[in-house]
Number of protein chains: 2
Amino acid sequence: MKKITVGAVLLSMMFVGVKAQSLKSPDGKFEMNFQLKNGVPYYNLTYNGGVVVEDSKLGLRLFKDTAIKFASEIAKPEDAKFDLNNGFAKVDEKRDSKNETWQPVLGEKKNYINNYNELAVTLNQASTDRSIVVKFRLFNDGLGFRYEFPQQKNLNYFVIREEDSEIDFPTDMKAWWLVADYDSQEYQYQETKVSEIPAKWDQAFDANASQSLVKNAVQSPLMLKREGKEPLYINVAEAAVLDYPASHLEVDAQNFRFKTHLTADRQGAKGYIQTPSTTPWRTIIVAPKAEQVMDSKMIFNLNEPTKYTDTSYIHPTKYMGVWWEMIIGKSQWAYSTAENVHIDKTDFSKLTPNGKHAANNTKVKEYIDFAAENGFQGLLIEGWNIGWEDWFGHSKDFVFDFITPYPDFDIKMLNDYAHAKGIKLIMHHETSGSAANYERWSDKAFQLMNKYGYDAVKTGYVGDIIPRGEHHYSQWTINHYYRIAEKANEYKIMVNSHESVRPTGESRTYPNYISAEAARGTEYEAFGGNKPDHQTVLPFTRWMGGSMDYTPGIFQTKLDYYFPGDKRFVKTTLAKQLALYVTMYMPLQMAADLPENYKKHMDAFQFIKDVAADWDDTKILSAEPGDYVITARKAKGTENWFVGGITDENKREYTVDFSFLDKGKKYEATIYEDGKDADYIDNPQSYNIYKKEITSKSKINFKMVRSGGFAVSIKPVK
Amino acid sequence: MKKITVGAVLLSMMFVGVKAQSLKSPDGKFEMNFQLKNGVPYYNLTYNGGVVVEDSKLGLRLFKDTAIKFASEIAKPEDAKFDLNNGFAKVDEKRDSKNETWQPVLGEKKNYINNYNELAVTLNQASTDRSIVVKFRLFNDGLGFRYEFPQQKNLNYFVIREEDSEIDFPTDMKAWWLVADYDSQEYQYQETKVSEIPAKWDQAFDANASQSLVKNAVQSPLMLKREGKEPLYINVAEAAVLDYPASHLEVDAQNFRFKTHLTADRQGAKGYIQTPSTTPWRTIIVAPKAEQVMDSKMIFNLNEPTKYTDTSYIHPTKYMGVWWEMIIGKSQWAYSTAENVHIDKTDFSKLTPNGKHAANNTKVKEYIDFAAENGFQGLLIEGWNIGWEDWFGHSKDFVFDFITPYPDFDIKMLNDYAHAKGIKLIMHHETSGSAANYERWSDKAFQLMNKYGYDAVKTGYVGDIIPRGEHHYSQWTINHYYRIAEKANEYKIMVNSHESVRPTGESRTYPNYISAEAARGTEYEAFGGNKPDHQTVLPFTRWMGGSMDYTPGIFQTKLDYYFPGDKRFVKTTLAKQLALYVTMYMPLQMAADLPENYKKHMDAFQFIKDVAADWDDTKILSAEPGDYVITARKAKGTENWFVGGITDENKREYTVDFSFLDKGKKYEATIYEDGKDADYIDNPQSYNIYKKEITSKSKINFKMVRSGGFAVSIKPVK
């Protein structure tokens, strides 16, 4: 332990003499104090009178120049006189508060409540006559703060060397963390003490298609738990990361202190700023119960309402995909045996077909048939367009054109065929990281989508970013993602973005930016595996700022079914796969397995057919990061409820109390649970299905096997 | 002197034992010999039996990886085993020849002759089983060679560390050179011995808006002169720089040896290559007379014929511009007094006008009136679109949208007004170096041009390139320029590109890419001055690969006319300004001065009104780099001839022999010459104009004062 924890009483006393500004949450439980010490800004945070965050420094360091050109300038020594972290005097203080209810276009609940008290402190640096505003918003579930840079004579343009926002915790805590990386979050979660992070860091990653690790730093959101008699769950994240790089958290493991570390561009610059402008919000969600953290909408509340004038085209969608068979290696994205192709020169119709191209007319029609028969709305098809022969790893700028189908993919016929059966095809725009090329083609690509009636696109950014030297999480590339979102909105298209940056609540502002991947999804079960507790950590981390396209629904979890002797397998039971449809909020939700596998388990598949993808209400019944999640949700615009429960590598029992149901009403529950002999390794496809009439007074005990789960579909009895 | 010059006889003897491949020019005067010495490729070149280029090494060094990601990889030690410069064996040899005549869409002559003998040597590197082809083309005016990379099992993608093509001259020579820079060529020419370049290098540049100097290297084209009893003029340059960085020449001053130095990207990479592919041609033009070098079309011949199916929209254009008054500081590009604007947020109609915005409806109409009255076809208007308030130096990505006019520029009205008078407005797309942003907007920008009837655009790239870390001459940015050319062709638009890379004959392939700037133009007379000999060097350097938008025609050369006490002045006489219309080939030719200045000299202005911008024939009557240029040209599709003569800081006489005129025909010549008392410093506006009947037997002596000149307009007498 680093130091004797300073009690709240002492802390308050310390502030008496130094003119601190205090801010309380609407419910009075949180208190934030801001003060300047020798011109340096600090804040702290208490909850129910106990210190959550000790005095923590704020500020940014800048490069001298408006624009930095070359490494020679970056190598110049830092000079504190350019920085915005010292020499400040308080010149103004404004307070505000808000208590509003807003309706997300798609969401976990019908209404999101945005209730906070606000303190905005204007600080002037006399030596340079520059002013900044530090704005704090204190909610009943935690604190958000950001820097604001008003337009002014001496502050119009600058380049950030680093943002040094500190979060200084008084004690060691348990942490669920990922290694920091400028390009990927596709790592396994680690569960250690904060103090143990450096020792574990070097063993906490495997290889990735694009990888720029940041030593001894961890990704945001970071989930923490102060253990003990009165546990406290703390989530450290950010909100509204727009026109700014995504941040990581540098770890001071001796002092339990974290500090922002922004994603650099290739020149080492961390944000080119023109005033007026604001940074993202740094967020600290705090609650005595894990469920409350998972339920927090603070990050969304800290984003701006959308300016879109028409959101009617945005709708929840369940979809299947010509996808999993490529992921596991049964089929290919590429059409031909060629290994070197030029989008603008190669005549693809003259190439030798490899015989394993999945996106062909015959197979796609079969998928359409199955998806339509089972009530899906969409079908994703990957590998439909030319360029997959050498799409990865060659730093190809012009790697795809996004408009030219392979010779065996009849885009008009297939869309007509799908539409006749009530299915919309979902477009796929893999960029191979060549974002500049995608921007070049995006208008034509979206025009093609409009022409053939696509209304959703899955984008992908596998591999290093072009412009070369940019990162997946650097400012330029983040601007790219939302530029694409805005352009897609012009064409009334929904976006599901893969290998892009994690969302930090932007779906409030860009409601057609439905989801991202930005974490290790189901595909990793074929690439090295996800640990059985993976899906119990994700809702506390990756999901805090927006939906993830995890792509659940794998029934044939053992891959030796396809390839005798193959050791790879999806590390859950089949029943847990069903439960993920409830525990993982995703309004563009996939059923990822092959039709042939669903056909063998049509009784279990019924749950995927029935489950909703968008909700009027959500109850986190019980949850503990790394252990289990039990969630109940009410389907949008209906009286139907769905419950999902999942556990980690340990078997576990849980009794659902159905008191969330309307009193006096009768419901028919269809229960999907692990079979008694089920086991995620030895017998994953064992499950029981039964129906039961229930009311709000019912309680049902569920037994989950190792990495098992249960799912319940509940409909009112008419 | 570094070494005893090896005579041609000895050289031939040396080759006897080592199986050299020899190639002769069609006229037999040049001989090129290729050989491998211990697996390393070498070539040499003789002219009339004398050594021009001694044995010079060829080859490229590569990075290990297909793609290099980060500086850490670049820092890895080089390893010769990855390189394509050693261990070669000759496995094949192919010979070819061509003698064709082709017609440029716009050109200095009706027909360009492309006559060469070719040798292609296939070299295999046994240790890696990679093959490359070194291709030589020997013309009657010099040598071109390049590397070709056939697609093959072991050579599909690679990243170039450096191309090491050497040109090893036997003796010291006089050189006209510019300091090498990855971003600018806007420097003053230096005239020194090759051996003196390093000593002079550090004093050979001034500041530029974007600058990345390459120590002790010089720009291409480089003009050389072997002095002595039998002088030889040598031009070292490149041709067809496409999908490859532009190159500079590293100087080994002791050994009179030059070596290619490619423009790096921010990661230090010098070309991302996918086979099959070819490098640009390295060119060495050699002639006993300077005029022959200037007359060479070898660089154009080494480019590919155009694939454009319609070039009918490409036409010579003389234009005026709302431009010079901004360059000298009399007016402004910006509309308002604001210093910080956001294209997507600022309401420009609410800003306070600065009162100096030139691109306003009233002024533009005045320019249109004057241009129309005097037979021009075009009028360029800069500063018409929002964003100029803070366009430069802030590394702004979204700096312009290219589609939104300022409040005082009525785009529809002005175009309608212009068209009614036979004038087309010329669009201006300044990117401020933000090329990625221009690509994003280019479709909409060209659509706007089509809508209002523009058919030519001046593009600009002032300042550091965005994507940050790219350079004006790096591969990515070069691809950008020609991508814009191709897109402009889709919209039937001609391009005149400023601050882009120097052309290397690409107008053959992209005939709508009319010209570039890529050197110090007239604008520099207001920014620090051009030396009086500047215009006599440019035709031997910058112009070798394509037209330059030099923007001649300044009559009011002294800027104290506008600003009492201003020391700036255009360092030529008025008559020399007229002569530039003939000595400087430019089919999109500007008359750069203000109407008010032309109105004072309508008699001299008549030459600019009469002179053509495109030609059926060109005769370089006499020229010496750095001293003088006398050129005669026959206007396209007419019997009219124009003659222009210019001199450097020395006064000079020249007698034009009109024997190029049709025999027996009578012509009326209108002569514009320096007044007897003219002087570029003391009395630049003194000129004589007189008419004279001439025939092919006529000779006229012209006296040019210091930095003076003469111009002659010749029409057949009917």
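The paragraphs below set out a description of the structure included in this document. (Residues numbered from 1 in each chain as written. Chains lettered and ligands numbered in written order. Predicted model: local features only at pLDDT ≥ 70, side-chain atom pairs only at ≥ 80, totals over all residues. Heavy atoms only, no water.)

**A closer look at helix α7 (residues 361-373) of chain B**
Residues and elements named next belong to chain B. In this model α7 runs 18 Å from its N-terminal to its C-terminal C-alpha over 13 residues, within 8% of the 18 Å that 1.5 Å per residue would give. Those residues of α7 not exposed but buried are Val364, Tyr367, Ile368, Phe370 and Ala371. Two residues or fewer after α7 comes Gly375, characterised by a positive phi angle close to 80 degrees. (Helix = DSSP H or I, 4+ residues; strand = E, 2+ residues; numbered from the N terminus. Expected span 1.5 Å × (residues − 1). Buried < 20%, exposed > 50% of the residue type's maximum accessible area, 1.4 Å probe, protein only.)

**A few points about unusual backbone geometry**
Among all residues save glycine, negative phi is the norm, and among peptide bonds the norm is trans. Going from Ile466(A) to Pro467(A), the amide bond is cis rather than trans, its omega being 20 degrees. Examined against the element boundaries, Pro467(A) turns out to sit in the loop between β26 (456-460) and α10 (475-490). The peptide bond linking Ser220(B) to Pro221(B) adopts the cis configuration, its omega dihedral lying at -5 degrees. Within the secondary structure, Pro221(B) sits in the loop between β15 (213-219) and β16 (222-226). The backbone phi angle of Asp129(A) is positive, close to 50 degrees, even though this residue is not glycine. By the secondary structure assignment, Asp129(A) is in the loop between β7 (112-125) and β8 (130-139).

**Things to note about the environment of Lys135(A)**
Residue and element names in this part refer to chain A. Here Lys135 shows up in strand β8. Residues Lys135 and Tyr147, spaced twelve residues apart in sequence, show a C-alpha to C-alpha distance of 6.3 Å. Lys135 has contacts with Glu118, Leu119, Ala120, Gly144, Phe145, Arg146, Glu148 and Trp281, leaving out every residue within four places of it along the chain. Within polar-contact distance, the side chain of Lys135 engages the side chain of Glu148 at 3.0 Å. (Contact = heavy atoms within 4.5 Å. Polar contact = N/O pair within 3.5 Å; in protein donor to acceptor, adjacent residues only side chain to side chain.)

**Digging into the packing of helix α9 (residues 435-452) of chain B against helix α10 (residues 475-490) of chain B**
When two helices pack together, you describe them by how their axes are tilted relative to each other and by the distance separating the axes. Residue and element names in this part refer to chain B. Between α9 and α10, the least distance of the axes is 11 Å, while the angle of their chain directions is 0 degrees. When the axis of α9 is compared with that of α10, the two are roughly parallel. Note on element contacts: α10 touches α9 through Trp476, His480, Arg483, Ile484, Lys487 and Ala488, opposite Ala435, Ala436, Tyr438, Glu439, Ser442, Asp443 and Phe446. Partitioning the contact of α9 with α10 into residue classes produces seven nonpolar, two polar and four charged. (Axes fitted to C-alpha atoms, helices over the stretch in contact; angles between N-to-C directions. Parallel < 35°, antiparallel > 145°, perpendicular 65-115°, else oblique. Nonpolar A, V, L, I, M, F, W, Y, C, P; charged D, E, K, R; others polar.)

**Structural notes on the environment of Ile167(B)**
Residues and elements named next belong to chain B. For Ile167, the position within the fold is in strand β11 (residues 166-168). Relative accessible area serves as the criterion here: at 5%, Ile167 is assigned to the buried category. A C-alpha to C-alpha distance of 9.6 Å links Ile167 and Val52, two positions 115 residues apart in sequence. Every residue in contact with Ile167, bar those within four places of it in the chain, is listed here: Tyr43, Val53, Ser56, Val236, Phe256, Arg257, Phe258 and Ile284.

**Some thoughts on the relation of the copies chain A and chain B**
Superposing chain A onto chain B takes a rotation of 180 degrees combined with a translation of 0.0 Å along the rotation axis, leaving an RMSD of 0.0 Å. Both chain copies can therefore be described as sitting about a two-fold axis. Here 100% of the interface residues in chain A have copies in chain B that are interface residues too; the copies meet face to matching face. (Least-squares fit on C-alpha atoms with pLDDT ≥ 70 in both.)

**Considerations on the pattern of salt bridges**
Residues and elements named next belong to chain B. Counting across every chain of the model gives 107 salt bridges over all chains. Put simply, Lys135 and Glu148 hold a salt bridge, and the shortest N to O gap is 3.0 Å. Taken as a pair, Lys135 in strand β8 (residues 130-139) and Glu148 in strand β9 (residues 142-149) lie far apart in primary sequence, 13 residues in all. Here Lys135 matches Glu148 in class, with each residue buried. (Salt bridge = Lys/Arg side-chain N within 4 Å of Asp/Glu carboxyl O.)

**Concerning the pairing of strand β36 (residues 699-704) of chain B**
Residue and element names in this part refer to chain B. Judged by which residues are buried, β36 turns out to be one-sided: Ile700, Phe702 and Met704 face inward and are buried, whereas Lys699, Asn701 and Lys703, on the alternate face, are not. In this sheet, β36 lies alongside strand β33 (residues 652-657) in antiparallel orientation, the contact comprising six bridges. Residue pairing in the sheet places Asp657 in a bridge with Lys699 of β36. (Pairing = 2+ DSSP bridges.)

**Describing the sheet that holds strand β31 (residues 628-635) of chain A**
Residues and elements named next belong to chain A. Reading across the sheet, the six strands line up as β30-β31-β32-β37-β34-β35 and stay open at both edges, with antiparallel pairing between neighbours. Edge positions in the sheet fall to β30 (615-624) and β35 (687-694), since each has one partner strand and no second. Averaged over all pairs of adjacent strands, the angle between their axes in this sheet comes to 15 degrees, without regard to strand direction. Pairing between β30 and β31: eight bridges, direction antiparallel. Its bridge partner lying in β31, Ala623 is registered against Val629.

**A look at the interface of chain A and chain B**
The parts lose accessible area when they come together, and the size of an interface is often stated as this lost area. Chain A puts 41 residues into the contact, and the matching count from chain B is 41 residues. Among the residues chain A hides against chain B, the three largest losses belong to Arg266(A), Arg440(A) and Arg468(A). Together they make up 20% of the total. Joining chain A to chain B, the criterion identifies four salt bridges. A salt bridge links Glu490(B) to Lys444(A); its shortest N-O distance comes to 3.8 Å. (Buried area = accessible area lost by both parts, 1.4 Å probe.)

**With respect to the pairing of strand β26 (residues 456-460) of chain B**
A regular strand carries its side chains on alternate faces of the sheet. Residue and element names in this part refer to chain B. Within β26, five of the five residues are buried, which leaves the element mostly enclosed by the surrounding structure. Sheet topology places β26 next to strand β27 (residues 494-498); five bridges connect them, and they run parallel. Across the sheet, Val457 pairs through a bridge with Val495, a residue of β27. In the classification by handedness, the crossover that spans β26, the intervening α10 and the parallel β27 is right-handed. (Right-handed = clockwise from strand over helix to strand, strands pointing away.)

**Overview of the sheet that holds β26(B)**
All names here are of chain B. Taken in spatial order, the seven strands make up an open sheet running β28-β27-β26-β25-β24-β23-β29, and their pairing is parallel. Since the sheet does not close on itself, it has two edges, and those belong to β28 (513-516) and β29 (588-591), each with one partner. Within this sheet the neighbouring strands show an average axis-to-axis angle of 30 degrees, counted without direction. Relative to β28, β27 is paired through three bridges, and the arrangement is parallel.

**Some details on the environment of Phe256(B)**
Residues and elements named next belong to chain B. Its location among the elements puts Phe256 in the loop between β18 (247-252) and β19 (257-262). Note on Phe256: relative accessible area 4%, which makes it buried. Residues Phe256 and Ser195, 61 residues apart in the sequence, show an inter-C-alpha distance of 6.8 Å.

**Considering the packing of aromatic side chains**
On inspection of all chains with the given rule, the structure shows 86 aromatic pairs over all chains. A centroid spacing of 5.1 Å and a plane angle of 70 degrees characterise the contact between Trp102(A) and Tyr112(A), whose relative ring orientation is edge-to-face. Taken together, the residues span a long stretch of sequence, with Trp102(A) in strand β6 (residues 88-102) and Tyr112(A) in strand β7 at a distance of ten residues. Taking the relative accessible area as the measure of exposure, Trp102(A) reaches 10% and is therefore buried. Taking relative accessible area as the criterion, Tyr112(A) reaches 4% and is therefore assigned buried. Ring plane angle 45 degrees and centroid distance 5.9 Å describe the contact between Phe136(B) and Phe145(B), whose orientation is recorded as tilted. The same class applies to Phe136(B) and to Phe145(B), which are both buried. Taken together, the aromatic side chains of Trp333(A), Trp388(A), Trp391(A), Phe392(A), Phe400(A), Phe402(A) and Tyr438(A) make up a single cluster linked through ring pairs. The positively charged end of Lys297(B) is found above the aromatic ring belonging to Tyr112(B), 5.6 Å away from the centroid. Sitting over the ring of Tyr272(A), Arg468(B) keeps its end group 3.4 Å from the ring centre. (Phe/Tyr/Trp six-rings, centres within 6.5 Å; stacked < 30°, edge-to-face > 60°. Lys NZ or Arg CZ within 6 Å of the ring centre and 35° of its normal.)

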